[in-house]
Amino acid sequence: MALDDVKDRPMFDCRNAFAETIEALAAADDRIVVVVNDSVGSSKLNGFQKKFPERTVNVGIAEQMLVGGGAGLANGGRIPFVSGASCFLTGRALEQIKADVAYSDANVKLVGQSSGIAYGELGATHHSIEDFAWLRPLTNITVIVPADPWETAEAVKWAAAHEGPVYIRLSRMPVPALEVENRSFEPGRAEVLRRGGDLTIVACGTTAHLAADAAEKLAAEGISACVLNHSTINPLDEAAILSAAETGAIVTVEEASVRGGLGGAVAELVARNTPVPMEFIGFPGFVPTGSVEWLFERFGLTASGIADAARKVLARKAA
């Protein structure tokens, strides 16, 4: 992602971390299988297929079968990682996700690849910005949006060990490794990237490092921003969010629709407990066809855009 806010630092494709981790897990546990919809390459599962051809199920371009087949494998005692482009996985197969996976509480691990607007120029049909809003109401599905390679690997390990449905949302866009000491991954727990008392920025996935960069910009102006990497959209870290509200202002940032996603979840909780001024950064609805870089810039998903939203919410806090 060639944005002016990204520093000169190594960038990583989290799909590679997913692939390396699932191969290692499969080598130790023959219950693990992958189910794909003609997406072996885009899921980075070529290596898995070569090592475990008998545990690679390619159903072709048939997403309903993709999810239904995964549920059947789970019922048979396997641990299926059902992988495909998130726009098609969660859109075309939403009924199967609802009935076969969530309602049935099946031990299926859904992996939405190339999420958000990673397919930029292919337009709204290939953008996946509604998946949070579709899946959050399915309350027993743990929804995880890793922010970097380490968190991706930890999320995959956790999902494999967890008994129950999981959705892991991965991007094809490169991101830097977050600079956090003594990290540990726990679904439903936000990770503090930076401490501050003037406001809180809550971000996830590809926007977490941008939120940290925004806090640096604000610090240069004497504004102290707390930054949370909230990688679990469901369940929410209620304690961390209510603590964030104590700063008196919140900005949420997500590579998704601002309706029904991370921002909506935070607002629902805060409104019931400690209402504070909020700003939501994301996409207002269908977005134009264009490059990822252009779309991020246009809709404020940059360090500069996040800093602008922070100044705006602070003005409302002071009013």
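A quick note: this is a predicted structure, and the numbers were derived from the prediction, not measured. (Residues numbered from 1 in each chain as written. Predicted model: local features only at pLDDT ≥ 70, side-chain atom pairs only at ≥ 80, totals over all residues. Heavy atoms only, no water.)

**Student:** Where do I start with the sheet that holds strand E12 (residues 278-283) in this structure?
**Tutor:** In a beta sheet, neighbouring strands pair by backbone hydrogen bonds and run either parallel or antiparallel. Taken together, the five strands give an open sheet; going across it, the order is E7-E9-E8-E11-E12, and neighbouring strands pair in mixed fashion. Single-partner strands in this sheet number two, and they are strand E7 (191-194) and E12. Looking at each pair of strands side by side, their axes are set apart by 25 degrees on average, direction ignored. (Pairing = 2+ DSSP bridges. Helix = DSSP H or I, 4+ residues; strand = E, 2+ residues; numbered from the N terminus. Axes fitted to C-alpha atoms, helices over the stretch in contact; angles between N-to-C directions.)

**Student:** I keep staring at the packing of aromatic side chains and nothing clicks. Help me out?
**Tutor:** Aromatic ring pairs: the centre-centre distance and the angle between the two ring planes describe each pair. Under the counting rule described, the total for this entry stands at two aromatic pairs. Taking the centre distance of 5.0 Å and the plane angle of 55 degrees together, the rings of Phe48 and Phe52 count as tilted. One exposure class covers both Phe48 and Phe52, and it is buried. For the pair Phe283 and Phe299, a centre-to-centre distance of 5.5 Å together with 80 degrees between the ring planes defines the contact as edge-to-face. Pair noted here: Phe283 is in strand E12 and Phe299 is in the loop between helix H11 (292-298) and helix H12 (303-318), with a separation of 16 residues, a long-range link. Overall, the relative accessible area of 0% leaves Phe283 in the buried class. (Phe/Tyr/Trp six-rings, centres within 6.5 Å; stacked < 30°, edge-to-face > 60°. Buried < 20%, exposed > 50% of the residue type's maximum accessible area, 1.4 Å probe, protein only.)

**Student:** Teacher, can you tell me more about the environment of Ala215 here?
**Tutor:** Here Ala215 shows up in helix H8 (residues 208-219). Given a relative accessible area of 1%, Ala215 falls into the buried group. Taking the C-alpha atoms as reference points, Ala215 and Ala106, separated by 109 residues in sequence, lie 40 Å from one another. Discounting chain neighbours no more than four positions away, the residues touching Ala215 are Arg194, Ala225 and Val227. (Contact = heavy atoms within 4.5 Å.)

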